[in-house]
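Residue-level listing of the chains:
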Amino acid sequence: MSTNEIKNVEYGLEKIFEGAQDFLPLNGTDYVEFYVGNAKQSAHFYKTAFGFQSLAYAGLETGLKDRASYVLKQDKIRLVLTTPLHSDSEIAEHIKKHGDGVKVIALWVDDAAKSFEETVKRGAKPFMEPRVEKDEHGEVVRSGIYTYGETVHLFVERKNYNGTFLPGYQPWVSDYNPTPVGLKFIDHMVGNVGWNQMNTWVKWYEDVMGFVNFLSFDDKQIHTEYSALMSKVMSNGNGRIKFPINEPAEGKKKSQIEEYLEFYEGSGVQHLAVATDDIISTVTQLRARGVEFLSAPPAEYYAEVPARLGVHVDKMKEDIAVLSKLGILVDADEEGYLLQIFTKPVEDRPTLFFEIIQRMGARGFGAGNFKALFESIEREQEKRGTL
Ligand code: FE2
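Structure report, in brief. Just so we're clear, the structure is a prediction, and the values are computed from it rather than from any experiment. (Residues numbered from 1 in each chain as written. Predicted model: local features only at pLDDT ≥ 70, side-chain atom pairs only at ≥ 80, totals over all residues. Heavy atoms only, no water.)

With respect to the environment of glycine 336
By the element assignment, glycine 336 lies in strand β16 (residues 336-342). Glycine 336 sits 169 residues away from proline 167 along the chain, and the two C-alpha atoms are 42 Å apart. For glycine 336, the residues in contact, after removing those within four places along its chain, are His312, Met360, Gly361 and Ala362. (Helix = DSSP H or I, 4+ residues; strand = E, 2+ residues; numbered from the N terminus. Contact = heavy atoms within 4.5 Å.)

Considerations on the nonpolar core
Of all hydrophobic cores here, the largest spans 92 residues; its most connected members are Phe34, Tyr46, Phe50, Tyr205, Met209 and Leu272. The leading source of residues in this core is helix α5 (residues 198-209), at 7 residues. Among residues more than four places away in sequence, those in contact with tyrosine 205 are Thr147, Tyr148, His153, Gly210, Phe211, Met234, Phe243 and Ile245. Counting residues in hydrophobic clusters, the runner-up holds 17 residues, among them Ala56, Leu154, Tyr161 and Tyr169. (Core = buried A, V, L, I, M, F, W, Y, C linked by side-chain atoms within 4.5 Å. Buried < 20%, exposed > 50% of the residue type's maximum accessible area, 1.4 Å probe, protein only.)

As for the pairing of strand β15 (residues 329-333)
Among the 5 residues in β15, 4 count as buried, and that is most of the element. As judged from the 5 bridges shared by β15 and β16, these two strands associate in the antiparallel manner. Bridging from a neighbouring strand, aspartate 331 pairs with leucine 338 of β16. Connecting the antiparallel pair β15 and β16 is a turn made up of 2 residues. (Pairing = 2+ DSSP bridges.)

Structure below.
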């Protein structure tokens, strides 16, 4: 199905989450842009380790003076890796403070000017006024607002564009093309915010973006012996954009959210969850390519999996021994089950990481795995001296 067909079939027709507002219809995630210290090397990493494909490039060779950007693609996921070419730049300042991290979560809309107007009218802080960009393939309109920390949402309207990515980019044809690993689309993107800020941002997503809060976890549900956090999941009306928001909670020791906030030096994107429809194959390939995952939970965890699956136990096709060997976690809700695994941070600061997720009917976020997951993260924090 072409991009336009998907848009026509899906846009505006679904209404999964009652209570969500219609003033900001979103077709999906357009791209995620990282500000990084060395985009050329980051691109090599995401191609080699995660199986992304070269798509587009902009830099000195295309007339840019201040930055270089590499665009990578795998199925519906587009990552943009941007680096500054001089110290005197907003990008360089961002990296100096936060290290490598997500700057832009770009959302695909039909009307970028209206998206800007509606959200700013409701209290969003403007990042970029609507801007028309053109080349021989048509035109794209983009606008943007700030969300938590220095992170921004761009609204991308590309219905009058048929180029490779955006005006100003040239196709990036490479002789080096490692095979994809089966990553399909972005399932959700999680933000970490500071103490007492979760509800502020929940309200912001409700008021400014028209989202609904459809799942909440308090510190009684998300804790280990040592640390705790709170999380609320925000979704737009058609369920295609899901943003869980985490806040630290008091515990005996420092939580992973506090560790993130300390090293990112503020609120920001904690993880990108990417969907696959064959997690065993995907994770096997990722491990072979050097992607590091959090350590597997103990054997007792896997012994409890059939009980945790409950009525869905007969539906599960995957061999528990294989899941155990790969360290893949299993959880279930009323509607089905899900399989998930988390990488270690993908940069030296213990900040951004990736989740690989395969949903077999379940719409949750692996709440049943939180304890096993956080104990695994705490083992890493212990090594870093940050627990
Ligand atoms: Fe997640």
